[in-house]
Amino acid sequence: MNTGRRRIAAILIGLATAIVIVAIAILPFMTPQWVAFEQERSQATLWTGFTTDQLRTATDSILADLVLGGDFIVQIDGRPVLNEREQAHMADVRTVFRGLWVLAIVSVIVLIAVSRRRERSATWRAVRGGALGLAVGVVILGAVALVAFDQLFEAFHEVFFPPGSFLFDPRTDRLVQLFPFQFWQETAIVVGIVIIAIALGVAWVAGKRAVRGLPDPATAQDLAPAAAPGR
């Protein structure tokens with residue numbers, strides 16, 4: 001494999017590694033258990049005026065529609081929890097997550113395919129590079145978020161969602177009352193920590209495997225071309 005192809009392969013392997021790590025890290029935070037814990041911390045019952053049972057009914061239904069598919073028309077006391085704009089935004093959120101899951105599946109396929117390459121050491125080095133690059137990127141984003149979380153959060157939405165579709169009033173819109181600012185801020189912090197921890201673990205394992213994948217010096221010498229006669 002020439003240098004150009006090796007470089008492209010290393011980039012693809014690194015990107016695939018980073019995508020898989022992010023997808024794995026996010027999964028626990030889409031569970032009702034985490035959402036309930038963080039909603040309690042961010043006092044979602046006070047924001048919404050719902051009882052704890054009503055909050056769980058509304059939130060669990062929204063999560064189910066997000067993960068499994070649905071129309072986000074859950075009702076409490078005969079009234080829709082989310083208005084049409086909020087329902088449309090949640091549909092957009094589901095589309096973004098589906099895109100991530102598709103990328104993660106493709107990335108897993110890529111990693112499985114390259115695991116059969118003869119250049120095992122190069123493959124593991126690329127995995128290590130992708131994991132370390134992700135960890136560094138998350139640390140940088142975390143540092144930015146410490147001083148400008150609002151701006152970073154808004155920039156993320158501007159990239160992935162139609163303009164203005166993600167702007168809601170916490171005084172009147174249930175979606176931001178169900179998931180207050182504190183919910184997203186604390187969840188982002190923990191997700192970032194989990195991503196970094198997984199990435200560093202993957203980088204450590206990949207580094208070990210890369211060393212093991214190097215040709216044995218004695219074997220490399222045996223495979224080297226024989227010296228010319230008389231020399």
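This text goes with the structure placed above it.
Residues numbered from 1 in each chain as written. Predicted model: local features only at pLDDT ≥ 70, side-chain atom pairs only at ≥ 80, totals over all residues. Heavy atoms only, no water.

S.K.: Help me get a handle on helix α6 (residues 120-160), residues and values and all.
M.R.: The terminal C-alpha atoms of α6 lie 36 Å apart, and with 41 residues this falls more than 12% below the ideal 60 Å at 1.5 Å per residue. The sharpest bend along α6 reaches about 115° and sits at Ala148. (Helix = DSSP H or I, 4+ residues; strand = E, 2+ residues; numbered from the N terminus. Expected span 1.5 Å × (residues − 1). Bend = angle between axes of the 7 residues up to and from the residue.)

S.K.: An account of unusual backbone geometry is needed here, citing residue identities and associated values.
M.R.: The phi dihedral of Phe72 falls on the positive side, at around 60°, and the residue is not glycine. Note that Phe72 resides in the loop between α4 (52-68) and β1 (75-76). Residue Phe72 is classed as buried on the basis of its relative accessible area, which comes to 1%. Here Asp77, not a glycine, exhibits a phi torsion of approximately 55°, which is positive. Assignment of secondary structure puts Asp77 in the loop between β1 and β2 (79-80). Judged by relative accessible area, Asp77 falls into the exposed class, the value being 70%. (Buried < 20%, exposed > 50% of the residue type's maximum accessible area, 1.4 Å probe, protein only.)

S.K.: An account of the packing of aromatic side chains is needed here, citing residue identities and associated values.
M.R.: In this structure the tally under the stated criterion is 10 aromatic pairs. Pairing Phe149 with Phe153 gives two aromatic rings, centres 5.7 Å apart and planes at 20°, and the pair type is stacked. Of this pair, Phe149 and Phe153 both sit in helix α6, four residues apart, which is roughly one turn of that helix. Its relative accessible area of 11% is what places Phe149 among the buried residues. The class of Phe153 is partly exposed, set by a relative accessible area of 30%. With centroids separated by 4.9 Å and ring planes inclined at 45°, the aromatic side chains of Phe156 and Phe160 adopt a geometry described as tilted. With a gap of four residues between them, Phe156 and Phe160 both fall in helix α6, about one helical turn apart. Exposure remark for Phe156: the relative accessible area of 41% places this residue in the partly exposed category. Of the residues examined, Phe160 reaches a relative accessible area of 45% and is grouped as partly exposed. Joined through ring pairs, the aromatic side chains of Phe149, Phe153, Phe179, Phe181, Phe183 and Trp184 make up one cluster. (Phe/Tyr/Trp six-rings, centres within 6.5 Å; stacked < 30°, edge-to-face > 60°.)

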